[in-house]
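The primary structure of each chain is shown beneath.
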Amino acid sequence: MESLGSGLAVGPKGMGRLKVLILGDPSSVWEKEFVEHVLLPRGHSVFLQSNYSEDDRFTGFYEENGIAVIRGEPIPRWVMRMPKIRASIMAQKQSKALAKHGQFDIVINMFVSPAALSQALQCRGDRGKVYAFFCGSDIIRSSFWRTLRLRSLLGKVDHVVCASSNVRQAYDTKIGNDASTPCTTIRLGITSFDYIDARLSNGTKNDAKQELNIPLDKITLSIGYNASGAQNHLPVLEQIRCLPQDVRDKLVILLPMTYGGNSRYISSVQKTVSQVGCEFLIFRNFMDGDQIARLRLATDIFINAQMSDGLSASVLEALYAGAILLNASWLSYREYLEWGLSLLSFSRFEDIPKLVTSVFSKAGKEESPSRAVLREKMSWNQCQEAWGRLLR
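Note that this is a predicted model, so its numbers are computed, not measured.

(A) Representation of the overall build of the chain in the model. Each helix and strand in the chain was counted, giving 19 helices and 15 strands. Expressed as a percentage of the 392 residues in the chain, the buried residues total 52%. For the chain, restricting intrachain contacts to residue pairs at least 6 apart in sequence, the fraction spanning at least 24 positions comes to 71%. Approximately 18500 Å² of the chain is accessible, and the part contributed by carbon and sulfur atoms is 49%.

(B) Inspection of the sheet that holds strand S9 (residues 183-185) at higher detail. Pairing is parallel in the open sheet, where 7 strands are placed in the order S5-S4-S3-S6-S7-S8-S9. Both edges of this open sheet fall to strand S5 (68-71) and S9, since each of them pairs with a single strand only. Strand-to-strand twist of the sheet, defined as the mean angle between neighbouring strand axes without regard to direction, takes the value 25 degrees. In the packing of helix H5 (residues 114-123) onto the sheet, the strands contacted are strand S3 (19-23), strand S4 (45-50), strand S6 (104-110) and strand S7 (124-134), and the crossing angle to S7 comes to about 155 degrees.

(C) Geometry of the packing of aromatic side chains. Throughout the structure, instances matching the rule amount to 12 aromatic pairs. Centre to centre, the rings of Phe-47 and Phe-104 are 5.4 Å apart; their planes meet at 70 degrees, and the pair counts as edge-to-face. Here Phe-104 lies in strand S6 and Phe-47 lies in strand S4, a separation of 57 residues in the sequence. Here Phe-47 and Phe-104 have matching classes, each one buried. Relative to Tyr-336, the ring of Tyr-333 lies with its centre 4.3 Å away and its plane at 25 degrees, an arrangement referred to as stacked. Exposure class is identical for Tyr-333 and Tyr-336. Each is buried.

(D) A look at the nonpolar core. By size, the foremost hydrophobic cluster in this structure holds 66 residues, and its most contacted members are Ile-240, Ile-253, Ile-303, Leu-316, Val-356 and Leu-374. The leading source of residues in this core is helix H15 (residues 313-320), at 6 residues. In this structure, Leu-374 is in contact with Phe-193, Leu-316, Leu-319, Tyr-320, Trp-339 and Leu-341, ignoring residues within four places of it in sequence. Residues Ile-70, Leu-121, Cys-162 and Cys-183 belong to the second largest nonpolar core, which totals 30 residues.

(E) Main features of the packing of helix H9 (residues 192-202) against helix H14 (residues 289-297). Orientation of H9 relative to H14, taken along the N-to-C sense of each, is 70 degrees, at an axis distance of 8 Å. The angle between H9 and H14 falls in the class roughly perpendicular. H14 is crossed by H9, and the crossing has right-handed handedness. Listed contacts from H14 to Ser-192, Tyr-195, Ile-196, Arg-199 and Leu-200 of H9 are Gly-289, Asp-290, Ile-292, Ala-293, Arg-294, Arg-296 and Leu-297. Residue classes in the contact of H9 with H14 are distributed as 6 nonpolar, 2 polar and 4 charged.

(F) Summary view of H5. Here H5 lies mainly inside the structure; 7 of its 10 residues are buried. Every buried residue of H5 is listed here: Pro-114, Ala-116, Leu-117, Gln-119, Ala-120, Leu-121 and Cys-123.

(G) Representation of a nonpolar patch on the surface within the structure. On the surface, a nonpolar cluster with roughly 380 Å² of combined accessible area is contributed by Phe-144, Trp-145 and Leu-148. Structurally, Phe-144 is set in helix H7 (residues 144-154).

(H) Highlighting the pattern of salt bridges. On inspection of all chains with the given rule, the structure shows 15 salt bridges. With a closest N to O distance of 2.5 Å, Asp-197 and Arg-375 form a salt bridge. Of this pair, Asp-197 sits in helix H9 while Arg-375 sits in helix H18 (residues 371-377); the two residues are 178 residues apart in sequence, bridging distant segments of the chain. Looking at Asp-197, the relative accessible area reads 27%, which means it is partly exposed. In this structure, the salt-bridge partner of Glu-211 is Arg-294, at a minimum N-O distance of 3.6 Å.

(I) Examining the environment of Pro-244 more closely. Structurally, Pro-244 can be placed in the loop between helix H11 (233-240) and helix H12 (245-248). Along the sequence, Pro-244 and Gly-277 sit 33 residues apart, while their C-alpha atoms lie 10.0 Å from each other.

(J) Quick look at the sheet that holds strand S13 (residues 301-304). Judged by pairing direction, the sheet is parallel, and its 6 strands sit side by side in the order S12-S11-S10-S13-S14-S15 without closing on themselves. Of all strands in the sheet, those bounded by a partner on one side alone are strand S12 (279-283) and strand S15 (344-346). For this sheet the average axis-to-axis angle between neighbouring strands, irrespective of direction, equals 20 degrees.

(K) Focus on the pairing of S12. Direction of pairing for strand S11 (residues 251-256) relative to S12: parallel, over a ladder of 5 bridges. Within the sheet, the bridge partner assigned to Val-252 lies in S12 and is Glu-279. For the crossover from S11 across helix H13 (residues 263-273) to S12, the handedness is right-handed.

(L) Quick look at the environment of Gln-94. Tracing the backbone shows Gln-94 in helix H4 (residues 83-99). With relative accessibility at 11%, the residue Gln-94 sits in the buried group.

(M) Molecular detail of the pairing of S3. With 4 of 5 residues buried, S3 lies mostly within the body of the structure. Across 5 bridges, the pairing between S3 and S4 is parallel. Within the sheet, the bridge partner assigned to Leu-21 lies in S4 and is Phe-47. For the crossover from S3 across helix H1 (residues 29-39) to S4, the handedness is right-handed. Where S3 and S6 come together, 4 bridges link them in parallel fashion. By the bridge assignment, Ile-22 is partnered in S6 with Ile-108.

What counts, and where the lines are drawn
Residues numbered from 1 in each chain as written. Predicted model: local features only at pLDDT ≥ 70, side-chain atom pairs only at ≥ 80, totals over all residues. Heavy atoms only, no water. Helix = DSSP H or I, 4+ residues; strand = E, 2+ residues; numbered from the N terminus. Buried < 20%, exposed > 50% of the residue type's maximum accessible area, 1.4 Å probe, protein only. Contact = heavy atoms within 4.5 Å. Areas by Shrake-Rupley, 256 points an atom, 1.4 Å probe, with all protein chains shown as cover. Pairing = 2+ DSSP bridges. Axes fitted to C-alpha atoms, helices over the stretch in contact; angles between N-to-C directions. Phe/Tyr/Trp six-rings, centres within 6.5 Å; stacked < 30°, edge-to-face > 60°. Core = buried A, V, L, I, M, F, W, Y, C linked by side-chain atoms within 4.5 Å. Parallel < 35°, antiparallel > 145°, perpendicular 65-115°, else oblique. Left-handed = near helix turned anticlockwise from the far one by under 90°. Nonpolar A, V, L, I, M, F, W, Y, C, P; charged D, E, K, R; others polar. Patch = residues over 30% accessible without salt bridge, like charges linked within 9 Å, V, L, I, M, F, W, Y side chains within 5 Å. Salt bridge = Lys/Arg side-chain N within 4 Å of Asp/Glu carboxyl O. Right-handed = clockwise from strand over helix to strand, strands pointing away.

In structure tokens form, the structure reads like this:
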């Protein structure tokens, strides 16, 4: 990075060093990787605002890269039990903490919420810009009243960014022309591809299975990618129970439940899967990149039956690693069609047993035909370049 006589730092392609604030969740791997692959390479000075004072998952990374994580003062426990009062007091404390750092050139609300977007508008400098970055459920599953609040704010921001075509469709449907703000679709990159490639350069899918103590004569079937009830684990498991016993004897069900959900729902999934008549593994602990790659490579069949979705990285990781995708018809992805990704569709949960049986003989035996196109379309380079054009 060069330094001009005026003292202004200049990043790649002549871009000035900007003071950038992200209002989101610093404990999210997506926010961490967005900072790592999009903002830092361009030399920006990055600040993160956090409501999550106890989650220090990426503290080391942020400290090593000179990124300030701004937290409001702690709130008494009795206040935290009162949602209406809590929201007001939290906003006041956060605004006070942010004010100590002056104004910002760029404010990005990643994982958009009315409260954070309102705060973003207050933080920008006189000539600063605010970007609303919708990543998925923040707009796809936005309620009627929440959407009304967003509409009143989105006309005041400088640009809206959507992370996939489905996110953009939800934005157009729910916000429509009520906000005259320009809108761009920019996909996030997927770092896990690198970890999958690294494992395949020195081993095979079977090696990943053996590390998880899965017998090589078994077929693995993964359901969803988190512990949320929106993944529809229970109705899928009920259909797996309908498979002939000789098929179930050859199956190992994989249930990644490392985040989301609640203890009651997780317990109900554990009880149900124990009655299906298959071996199973439940994953509860946070996974790093290599552990995610291991899980994806160990997956032969992936069932994507969630209620709604933007463009799940977890599903694309499974495809990249060579899994056969059984995809609910209500989850329509324009990218899948445009990129020619291979999948089998079901319109009812009752169709799942037949589909599983139909792919059983070839599961785990084919190379991924989607790897090259996914590597191209979901790279961090395309994300960085697109954001670079916006932030000029």
